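Chain by chain, the residues:
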Amino acid sequence: MSKPLPSEADVVIVGGGIAGCSIAYHLTKIGITDVALLERKQLTCGTTWHAAGLVGQLRATRNMTELAKYTSELFAGLEAETGQATGFKQHGSIALALTDARFEELKRGASMGRNFGLEVEVLGPDEIASMYPHISVDDALGGVFLPKDGQTNPIDTATALAKGARRGGAKIFEETLVTKILVEDGRAVGVETERGRIKADTVVICGGMWSRELAGEIGVSLPLHAAEHFYIVTEPMQGLSPELPVMRVPDEHAYYKEDAGKLLLGCFEPEAKPWGMEGVPADFCFDALPEDFDHFEPILEMAVKRFPMLAESGVQLFFNGPESFTPDDRYLLGETPEVRDLFVACGFNSIGIQSAGGVGRVLADWIRDRRPPMDLADVDVRRLHPAQSARAYLRDRTTETLGLLYAMHWPHYQMRTARDLRRGPLHDRFLAAGAVMGETMGWERPNWYAPDGVEKRYDYSYGRQNWHPHTQAECEATRDAVALYDQTSFAKFRVQGRDAAAVLNRISANQIDGPIGKLTYTQWLNERGGIEADLTVIRQSETDFLVITAAGAQVRDFAWLTRNIPEDAHCFATDVTSGLPMLGVMGPNSRDLLAALAPHADWSRDAFPFGSMQDVEIGYAKLQAGRVSYVGELGWELYVPTELSAYVYDRLIEAGADFGLRHAGVHAMNACRVEKGFRHWGHDIADEDTPLEAGLGFAVAWDKPGGFIGRDALLEQKEGGVRPKRLIQLRLEDESEAAPLLYHEEPILRDGEIVGSVTSGAWGHRIGASLGMGYAHHPAGVTKDWLDSGRWEVEVACEAHPVRVQFAPWYDPKAERMKG
């Protein structure tokens, strides 16, 4: 007879896969022991049980790598702690490169891994053959070896976590289907199950493939979709060492793992098969999906050539099981923006095992403290838009995302599937002008413009891609004439009410309680002084403000705003993004162009100063213009009601020919902002970085009445004097066509020692140099003298390149062009 359910618990976890078990385990480790884990059938019976059990450590960012490293450390000691065998072993992993591009990718990853403190070795084909004698390396260029990578038995490891959780006081209930999340006044307060109701202060959805539907019933968006994942297990192979490392051959979409004397061959094929379009059956339990040998056969044909022993071995198991994938191949973690006290950990994109330990640790801390313990923006559930939860969108995107795990991870890669979702009202006009669209958060945005006769496509590489000369022309137009940027995707919020000024001033680090028409650049900080948002606030009246932030921050920033409005305040926030397209008119001729179109306005420097907004008329259309720039030139942003946008655009194009107007895209904007040292939230600044570290102290109103969130922590840092971490600007000494481009997480070296990493980079088209920015660390303080006295390099693909460093931007450091 099943044990009775409790009537209440501090935390209820929905789902008994490895993630749910890890969260329960870690909650008890930090003293939260009144935990109820509810599993609809049996522990691990959804996806965990059939996972391959690979435990890699190198991820795309430092914090994701730290979590993966922690998972390995946890698994290494779990058997000794709980008495439950896990099958964990660390024999490393090898990634094999068959092309020059792949080898560069792997070597860039090796540099990044060393920066993160991982052991990484770059190997030649002969070295790989000696470590893995069964593999053919005749056509290989080399590879990388990570000695601390491992593998584990997923069921046994989850069982060990569950055993540890029970020892800590957590209660686990199998055969307990959760039918509904209970919500009152915007907060999760418990769950309804087939066996009764449980009240809770916190609810965590770890329901894997079932999570989207369960959350959707209460209006919470969790964009994930199941896909079929294939592998085979051979019959026992003589001479197959149990100490073989895992072998990945991403150019053939395959991985190989020794498994108790047998070989497991799995794949992440380019065209995947979505599954469960009509929903995942509630009684799915340790089930497999139908075999599809025709789908797997191309992988097997390549594998037989790569691993000749396969040709002589029988297949003991052909397995096909579902795993859930998200639109951007990153899992969903954290408190949901729609419902407070509701947390999620799901959509693991086939890395659930290697992520489970780190996820359990950080989510437990997040639940306890009601804030993330580190920068987790890469996987924060708030990064995606509810529009991306549509079934058809997810089905189509899933055909691509599974294969992307082993595809080339090109810079500026554009998704092929599930496109044309969020389109601004000028979309077709931009296409007619030659726009080559990119996608972010579902938005279609012009990335660059192809001149007549140039094909609208991407030729990917780590160097200068095919759009480079066209973006060069767009940047030159921005510098020398005038360029038109589509900024429609920028998120916009109206904040209104008699308390709006006071509320926004408390949330904002800068002083936003200024005159009507004042446009203020500011950060929103957390209590630790970390940057939660980076945006602009425009005062439209005594009681009405417009907040403008990045497209990718729409959900996150709106949630931060609304959750920091006191319940008794007369203040109301509305997301007006869809109703307010935005055009950037940037460059030295912008003033003359706009003056010709709107002659009744005074566009002069004194009458229309930098950091101000005015109502203007362009022909028949009334709109607002704000003098601000993200590209570092004289310019204005035009905020245009949707129904007027086509009219205003047409007038700009008609008049623009006399002033050298040219369309410009996101690539040009990014290159210009890197030249100007303008920070980008999520790359150069995030919730672990303070304005003082990021060089944004000028945007802090230290003494404004009432203070602001994070002031105490920031003031303590300011009064401490020493700055052991600061954002610096980088410029490669090599300014030739052969100079490498910087992207993200390349190590920064001073006198041969790693002291930081690149946060973002681009080719500076206006100055002709490869640029980047990143944080440097020095316990005694990152000062100008320290910068000037060192020999500086950036490591790219295991090669060091000399760079110049400084605090100031490389382009127009005094902002004379922008403010003149």
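The rules behind these values
- Residues numbered from 1 in each chain as written.
- Predicted model: local features only at pLDDT ≥ 70, side-chain atom pairs only at ≥ 80, totals over all residues.
- Heavy atoms only, no water.
- Helix = DSSP H or I, 4+ residues; strand = E, 2+ residues; numbered from the N terminus.
- Rg over C-alpha atoms; globule rule 2.2 N^0.38 Å.
- Buried < 20%, exposed > 50% of the residue type's maximum accessible area, 1.4 Å probe, protein only.
- Contact = heavy atoms within 4.5 Å.
- Areas by Shrake-Rupley, 256 points an atom, 1.4 Å probe, with all protein chains shown as cover.
- Arc of directions from axis to C-beta.
- 1 Å grid on protein atoms, 1.4 Å probe; cavity = no way out; pocket = protein on both sides within 12 Å on 5 of 7 lines; lining within 4 Å.
- Points joined across faces, edges and corners; volume = space filled by probe spheres on them.
- Nonpolar A, V, L, I, M, F, W, Y, C, P; charged D, E, K, R; others polar.
- Core = buried A, V, L, I, M, F, W, Y, C linked by side-chain atoms within 4.5 Å.
- Pairing = 2+ DSSP bridges.
- Axes fitted to C-alpha atoms, helices over the stretch in contact; angles between N-to-C directions.
- Polar contact = N/O pair within 3.5 Å; in protein donor to acceptor, adjacent residues only side chain to side chain.
- Parallel < 35°, antiparallel > 145°, perpendicular 65-115°, else oblique.
- Left-handed = near helix turned anticlockwise from the far one by under 90°.
- Salt bridge = Lys/Arg side-chain N within 4 Å of Asp/Glu carboxyl O.
- Expected span 1.5 Å × (residues − 1).
- Phe/Tyr/Trp six-rings, centres within 6.5 Å; stacked < 30°, edge-to-face > 60°.
- Patch = residues over 30% accessible without salt bridge, like charges linked within 9 Å, V, L, I, M, F, W, Y side chains within 5 Å.
- Lys, Arg positive; Asp, Glu negative; His and termini not counted.
- Charge placed at Lys NZ, Arg CZ, Asp CG, Glu CD.

Mind showing me how you'd approach the overall build of the protein here?
What the protein contains, in helices and strands, is 19 helices and 38 strands. Radius of gyration (C-alpha) of the protein: 27 Å, near the 28 Å computed for a compact globule of 820 residues. Over its C-alpha atoms, taken along the principal directions, the protein stretches across nearly 85 × 65 × 55 Å. Taken over 820 residues, the protein has a buried fraction of 61%. For the protein, long-range pairs separated by at least 24 residues make up 72% of all intrachain contacts whose partners lie at least 6 apart in sequence. For the protein, the exposed area adds up to about 30400 Å²; of that, 49% sits on carbon and sulfur atoms.

Honestly, the side chain of T336 in this entry has me stumped. Any pointers?
Mapped onto the fold, T336 is located in the loop between β18 (332-335) and β19 (342-346). In this view, T336 contacts V220, L342, V344, V381 and R563; residues no more than four positions away in its chain are not counted.

Just to check I follow, could you spell out helix α14 (residues 590-597) for this structure?
Side chains three or four residues apart in an α-helix point the same way, a direct result of the helix having 3.6 residues per turn. Every buried residue belonging to α14 is among S590, R591, L593, L594 and L597, and all of these are buried. Considered in projection along α14, the buried side chains sweep an arc of 165° and stay on one side of the axis. Tucked inside the fold, the buried residues of α14 contact β22 (482-486), β28 (582-586), β29 (613-618), β31 (635-639), α15 (645-656) and β32 (661-664).

So what exactly am I meant to see when it comes to empty space enclosed by the protein here?
Where empty space is left in the structure can be found by rolling a water-sized probe over the atoms. Within the structure shown, the criterion is met by 3 cavities of 30 Å³ or more. Volume-wise, the largest cavity comes out at about 160 Å³. Secondary structure elements with two or more residues in the lining of the largest cavity: α11 (468-480), α16 (666-675) and β35 (753-764). Looking at side-chain class alone, the lining of the largest cavity contains 7 nonpolar, 9 polar and 1 charged residues. Approximately 110 Å³ is the volume attributed to the second largest cavity. Along the walls of the second largest cavity sit 13 residues, with R212, E213, L224, H225 and G276 positioned nearest its centre.

What is the right way to read unusual backbone geometry from this model?
Among all residues save glycine, negative phi is the norm, and among peptide bonds the norm is trans. One non-glycine residue, E745, lies in the positive phi region at around 70°. Along the chain, E745 falls in the loop between β33 (725-732) and β34 (747-750). For C798, which is not a glycine, the phi torsion comes out positive at approximately 70°. Position of C798 relative to the elements: it lies in the loop between β37 (792-796) and β38 (799-806).

It is not clear to me how the nonpolar core should be interpreted in this structure. Could you clarify?
When a protein is soluble and globular, its nonpolar side chains tend to lie buried together. By size, the foremost hydrophobic cluster in this structure holds 48 residues, and its most contacted members are I13, L27, V204, Y331, L333, L363 and L376. At the level of secondary structure, the elements contributing two or more residues to this core comprise β1 (8-14), α1 (18-29), β2 (35-38), α2 (62-82), α5 (154-167), β19 and α8 (352-369). The element that contributes the greatest number of residues to this core is α8, accounting for 8 residues. The residues touching I13, leaving out its near neighbours within four places in the chain, are G20, I23, A24, L27, V35, A36, L37, L38, V204 and C206.

Mind showing me how you'd approach the sheet that holds β28 here?
Paired through their backbone hydrogen bonds, the strands of a sheet run either parallel or antiparallel. Taken together, 6 strands build an open sheet; the order of strands is β29-β30-β31-β28-β22-β32 and the sheet is mixed. Each edge of the open sheet is held by one strand with a lone partner, namely β29 and β32. Across this sheet, the average inter-strand angle for adjacent strands is 30°, counted without regard to direction. Sitting on the sheet, α14 touches β22, β28, β29, β31 and β32, and the angle it makes with β31 is about 40°.

Is there a simple way to explain the side chain of E252 in this structure?
Following the sequence through the fold, E252 ends up in the loop between β13 (246-249) and β14 (254-259). Taking relative accessible area as the criterion, E252 reaches 9% and is therefore assigned buried. Polar contacts involving the side chain of E252 include one to the side chain of R306, which spans 2.8 Å. Once residues within four sequence positions are removed from consideration, E252 is found in contact with L98, I299, M302 and R306.

Any chance you could explain the packing of α2 against α5 here in plain terms?
Packed helices, taken two at a time, are described by the angle between their axes plus the distance between the axes. Orientation of α2 relative to α5, taken along the N-to-C sense of each, is 55°, at an axis distance of 10 Å. Judged by the inter-axis angle, α2 sits oblique to α5. Helix-helix and strand crossings are classified by hand; for α2 and α5 the assignment is left-handed. For the pair α2 and α5, contact is made by L74, F75, L78, E81 and T82 and by T157, A160, L161, K163, G164 and R167, respectively.

For this particular structure, what's the right way to read the pattern of salt bridges?
Opposite charge on two side chains allows them to pair when their charged atoms are near. All chains considered together, the criterion is met by 52 salt bridges. Notably, a salt bridge pairs E104 with R108, separated by 3.2 Å at the nearest N-O pair. One end of the pair, E104, and the other, R108, are both in helix α3 (residues 100-115), 4 residues apart, so they sit about a helical turn from each other. We note a salt bridge from D139 to R306, for which the minimum N-O separation is 2.8 Å. Placement of the pair is D139 in the loop between α4 (125-131) and β6 (142-146) and R306 in helix α7 (residues 293-306), with a sequence separation of 167 residues. By relative accessible area, D139 is classed as partly exposed at 40%. You can call R306 buried: its relative accessible area is 3%. The network of salt bridges with shared partners includes D380, R382, E532, R556 and D687.

What should I look at first to understand the environment of M237 in this one?
Its place among the elements puts M237 in the loop between β12 (225-234) and β13. Under the relative-accessibility criterion, M237 is labelled buried at 8%.

Just to check I follow, could you spell out α5 for this structure?
Taking 1.5 Å of rise per residue, 14 residues should cover 20 Å, and α5 covers 20 Å from first to last C-alpha, within 8% of that figure. The complete set of buried residues in α5 reads P154, T157, A158, A160, L161, A162, G164 and A165. The elements touched by buried residues of α5 are α1, α2, β8 (171-173) and α8. Its side-chain oxygen placed 3.1 Å from the backbone nitrogen of I155, N153 serves as the N-cap of α5.

Could you clarify how one ought to interpret the packing of aromatic side chains in this entry?
Pairs of aromatic rings are described using the distance from one ring centre to the other and the angle between the two planes. Here the structure, examined in full by the defined rule, presents 31 aromatic pairs. Plain terms: the ring middles of Y458 and Y460 are 5.4 Å apart, the flat faces sit at 15° to each other, and that makes the pair stacked. Note on Y460: relative accessible area 22%, which makes it partly exposed. Consider the rings of F608 and W636, whose centres lie 5.6 Å apart with planes at 75°: the pair is edge-to-face.

Explain a negative patch on the surface here, please?
On the surface, E8, D10, D34 and D201 cluster together into a patch of negative charge. Residue position: D34 is located in the loop between α1 and β2.

So what exactly am I meant to see when it comes to the pairing of strand β9 (residues 178-184) here?
Two faces make up the sheet, and in a regular strand the side chains alternate between them. Bridge analysis of β9 against strand β10 (residues 187-193) gives 6 bridges, and the strand direction is antiparallel. If you follow I181 over to β10, its bridge partner there is V191.

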